[in-house]
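Examining the three-dimensional arrangement
Single-letter residue listing:
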Amino acid sequence: PEQLLYSQMRLVNCKRVQGDFAGGEKIVLDLLKDKKAAESPNVQMAAANLYQSWAGSAEPDAWKKYLTAIQGMKTPVHLWGWAQIAQRLQRTAYSKPDPKITSLEYEARYNLGRCQLSLAKQQSVPAEREKTLSHAKLGVETFARYSKALPPEVIDRFTGLYNEIQKEGGELPSELPVGIAAAVPPKPQVAGAPEANPVAAVTPAATPAHEETAQPQ
């Protein structure tokens, strides 16, 4: 079963690279009907990656797929989206420290901010655009503030994203505040989601990470 799951994930990634997003979605929707697959962070990340790439394609109105990549969906299957993926991985890494899981959390949080920035660039209503950029900036900033053991390459990557968000919002780039929080972090909202749906809450990172990738579960 695990080998089959891994093969299906590879097929989804192949469809994504080929630009056959509808074909990849069909596989994803079938995969997530299986309870074990639906609880696998690797499967959920493959699904979020698919919708993120789809949103960046030249298809008409494809950019709206950023919302799915960010906040997922509940029907016809439960797709977490980057916000929930990051939150679940952070909980796991905090309760059972594992550099591989922490590395995946970093990837999920980065893609969450990247999707929010890309969504904002496509939004034509100024108020919506401003709100999305605010969520993106706050999400990256809060994550950095409550992370005390980020590797230099991770800091550089998130600083680059943070500065892109600032520039898009008409701000001057500044240094990303890393590991300087002293209170319980706020819970920013997922851009484009109802106000009751918060972005993944951030608590202090439990362990430093490296660039390993967890195997499918």
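Overview of the structure. A quick note: this is a predicted structure, and the numbers were derived from the prediction, not measured.

1. Considerations on the pattern of salt bridges
According to the stated counting rule, one finds 11 salt bridges in the structure shown. As a salt-bridge pair, Arg 157 and Glu 107 come within 2.8 Å of each other at their nearest N and O atoms. Note that Arg 157 is positioned in helix α9 (residues 152-168) and Glu 107 in helix α7 (residues 99-122), a separation of 50 residues in sequence. According to the relative accessible area criterion, Glu 107 is partly exposed, its value standing at 27%. Here Arg 145 ties to Glu 141 by a salt bridge, and the two come within 4.0 Å at their closest N and O atoms. Of the two residues, Arg 145 and Glu 141 are both situated in helix α8 (residues 126-145); the distance of four residues between them amounts to about one turn of the helix. With a relative accessible area of 30%, Arg 145 lands in the partly exposed category. Given a relative accessible area of 17%, Glu 141 falls into the buried group.

2. So, the nonpolar core
Formed by 38 residues in total, the largest nonpolar core has its most connected members in Trp 82 and Ile 85. Of all elements in the fold, only α1 (2-18), α2 (21-31), α3 (35-38), α4 (41-55), α5 (65-71), α6 (81-95) and α7 reach the threshold of two or more residues within this core. The element contributing the most residues to this core is α4, with eight residues. Judged by nonpolar contacts, the second largest core, of 16 residues, contains Ala 120, Leu 133, Phe 158 and Ile 165.

Definitions and limits used
- Residues numbered from 1 in each chain as written.
- Predicted model: local features only at pLDDT ≥ 70, side-chain atom pairs only at ≥ 80, totals over all residues.
- Heavy atoms only, no water.
- Salt bridge = Lys/Arg side-chain N within 4 Å of Asp/Glu carboxyl O.
- Helix = DSSP H or I, 4+ residues; strand = E, 2+ residues; numbered from the N terminus.
- Buried < 20%, exposed > 50% of the residue type's maximum accessible area, 1.4 Å probe, protein only.
- Core = buried A, V, L, I, M, F, W, Y, C linked by side-chain atoms within 4.5 Å.

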